[in-house]
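Each chain is listed here by its residues.
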Amino acid sequence: MSTARVRFPTAAAYAVAGAVHLVTAGLFLIGLQLTVLGFRTFFQPVIGLLLLALAFVMRPRPGRLDPDAPTVREGDAPALFALLHRTADIAGVRRVDAVQFTADFSVGVLHYGLRRRRCLVLGLPLWAASPPQQRVAALAQALGRSAPRNVRDGAFVGSALRSLTAGSRAVQEGEPSATPPRISAVALGAAAVADGARRFDARSRKSEWLLWIPRTVLAATARLLLWLTEPAARRALFKADDASARAASSQAALAALRDRRLARAVGVEMHRLAIEKRTIVEAPGPPAPQEDLWDLVHAHADRLRSQETPPPFGRDTPGAGPGSTGGDTYTLRIERLVRAPQHPATITLDGPGLARIRDELAGPRQTVARQVLRDGVQL
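Reading guide: rules and limits
Residues numbered from 1 in each chain as written. Predicted model: local features only at pLDDT ≥ 70, side-chain atom pairs only at ≥ 80, totals over all residues. Heavy atoms only, no water. Helix = DSSP H or I, 4+ residues; strand = E, 2+ residues; numbered from the N terminus. Buried < 20%, exposed > 50% of the residue type's maximum accessible area, 1.4 Å probe, protein only. Polar contact = N/O pair within 3.5 Å; in protein donor to acceptor, adjacent residues only side chain to side chain. Contact = heavy atoms within 4.5 Å. Pairing = 2+ DSSP bridges. Axes fitted to C-alpha atoms, helices over the stretch in contact; angles between N-to-C directions. pLDDT = per-residue confidence, 0-100. Core = buried A, V, L, I, M, F, W, Y, C linked by side-chain atoms within 4.5 Å. Expected span 1.5 Å × (residues − 1). Arc of directions from axis to C-beta. Patch = residues over 30% accessible without salt bridge, like charges linked within 9 Å, V, L, I, M, F, W, Y side chains within 5 Å. Areas by Shrake-Rupley, 256 points an atom, 1.4 Å probe, with all protein chains shown as cover. Salt bridge = Lys/Arg side-chain N within 4 Å of Asp/Glu carboxyl O.

Structurally, Ser250 can be placed in helix 9 (residues 250-258). For Ser250, a relative accessible area of 4% puts it in the buried group. Polar contacts involving the side chain of Ser250 include one to the main-chain amide nitrogen of His343, which spans 2.7 Å. Residues contacting Ser250, with those up to four places away along its chain left out, are Ala245, Pro341, Gln342 and His343.

Here is the structure:
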């Protein structure tokens, strides 16, 4: 991918993001002026409050950690963080400050706080289902995608995208329902009900047209930003795959990318285990030892791999994990890894290292397993 094909759309994306931030600031200033200085009429303060509300929804905001997800830092898991630091150094990105664990078959990096600290969001299903070297490969891919070259995750363009998404969602949720309110026909009579329904429908249609304009503008601008940042995001994926191959080996990087196809099958098995755990009746006598959920997930993923014939070259389908921007990009990533010079592993996750990391993650593993067994899995 040539530099010019990435540079010009990226520059345009920065310009559009700058316009979004300027519009947000303008909405705030105009809304504040109408609210404070417009009390000579009734409508000006109302419009000002609406503009202030939209500016508040579209405000740039720092990311934040999920308060319900188990979180560890370097002092809690030195072996895990040693692995992450080595992987980040190979990928050429800043090291992470925290790790959160979820029940998703995915792994990614979240920026949080005003200082944009970095948190690795690690899905324990993906971690449990992957062999050791593929775990290293998945970590390298996730860390590599968070490099500054991926402007979608940057502070300037990324915050504009999040502002547009939040604004569009707020306008969408603010649309009035086209369904008339239920009114008692006995109390008001059929004619009154019909007349009220017609008036309500007319008001709803008018309000819907008024909300359609900002919603369409916000959604179209978000799509434009996504289109302009597509070349940079695709290049970031390719660079992340290269870092994954250098860190874990080309073979492990390719296997980790293809293993994203296991996401739904693993999710179905976890959901089945959760239902089985909630409905099974314990037999009388001493309780049987409980099998670890993540060991069961690992065994199920191994069975899936043994039963599956690898697809022919170029016929892969995209997985459910983060980092894929569509089937074409996924296929290109597979082709690049197959055709590129093959790398040996720089980082080897051996038995003692695995055992130390497993001990460090005992608490998060139990917490997320309890959440899965309690709530099931969203498929």
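Moving on, we get to the sheet that holds strand 4 (residues 117-123). The pairing of strands in a sheet happens through backbone hydrogen bonds and is either parallel or antiparallel. What the 4 strands build is an open sheet, ordered 1-2-4-3; its pairing is mixed. Unpaired on one side and paired on the other, strand 1 (71-72) and strand 3 (107-112) mark the two borders of the sheet. Sheet topology note: the strand 1/strand 2 (residues 98-102) ladder contains 2 bridges and is antiparallel. Looking at strand 2, one finds that Val72 is bridged to Val99. The sheet contacts of helix 3 (residues 78-91) involve strand 1, strand 2 and strand 4, and relative to strand 2 the element is tilted by about 105°.

Detailed reading of the predicted coordinates is not advisable wherever pLDDT is low. The predicted model of the chain averages 81 in pLDDT, with 80% of residues at 70 or higher. By mean pLDDT, helix 7 (residues 185-188) is the weakest element of the chain at 37, and strand 2 is the strongest at 96. Here residues 175-194 is a poorly scored stretch, pLDDT under 50, and it has 22 contacts once near neighbours within four places are set aside; other chains count. Scored below 50 in pLDDT, residues 196-206 shows 11 contacts in the model against residues more than four places distant or in partner chains.

Core analysis: the largest hydrophobic core is formed by 54 residues, its most contacted members being Val99, Phe101, Leu120 and Trp294. Dropping the residues within four chain positions of it, Trp294 is found in contact with Leu124, Pro125, Ala128, Met270, Arg365, Val368, Ala369 and Val372. Ranked by size, the runner-up nonpolar core spans 16 residues in total, among them Ala17, Met58, Ala222 and Leu225.

Let us look at helix 2 (residues 43-57). When the terminal C-alpha atoms of helix 2 are compared, their 21 Å separation across 15 residues agrees well with the 21 Å that a helix rising 1.5 Å per residue should span. Residues of helix 2 that are buried include every one of Pro45, Gly48, Leu52 and Ala55, and no others. Viewed end-on, helix 2 has its buried residues packed into an arc of 85°, placing them on one side of the element. Those residues of helix 2 that are exposed and angled more than 90 degrees off the buried face are Phe43 and Leu50.

With that settled, consider unusual backbone geometry. One non-glycine residue with positive phi stands out, namely Arg116, at about 50°. With respect to the helices and strands, Arg116 occurs in the loop between strand 3 and strand 4. Its relative accessible area of 23% is what places Arg116 among the partly exposed residues. Positioned with a positive phi, Ser249 is a non-glycine residue whose angle comes to about 105°. Looking at the secondary structure, you find Ser249 in the loop between helix 8 (190-248) and helix 9.

A few words on the pairing of strand 4. Regular strands place side chains that alternate from one sheet face to the opposite one. Strand 4 sits mainly inside the fold: 5 of its 7 residues count as buried. Of the pairings in the sheet, the one linking strand 2 to strand 4 comprises 5 bridges and is parallel in character. Bridged to Ala98 within strand 4 is Cys119. Judged from the 6 bridges that link them, strand 3 and strand 4 form a sheet pairing that is antiparallel. Across the sheet, the residue bridging to Leu110 is Cys119, located in strand 4.

Once that is clear, we can look at a nonpolar patch on the surface. A grouping of Phe28, Leu29, Leu32, Val36 and Leu37 is seen on the molecular surface, where their side chains present a nonpolar patch of about 500 Å² in accessible area. The residue Phe28 is located in helix 1 (residues 3-37) in this model. Given the relative accessible area of 43%, Phe28 is considered partly exposed.

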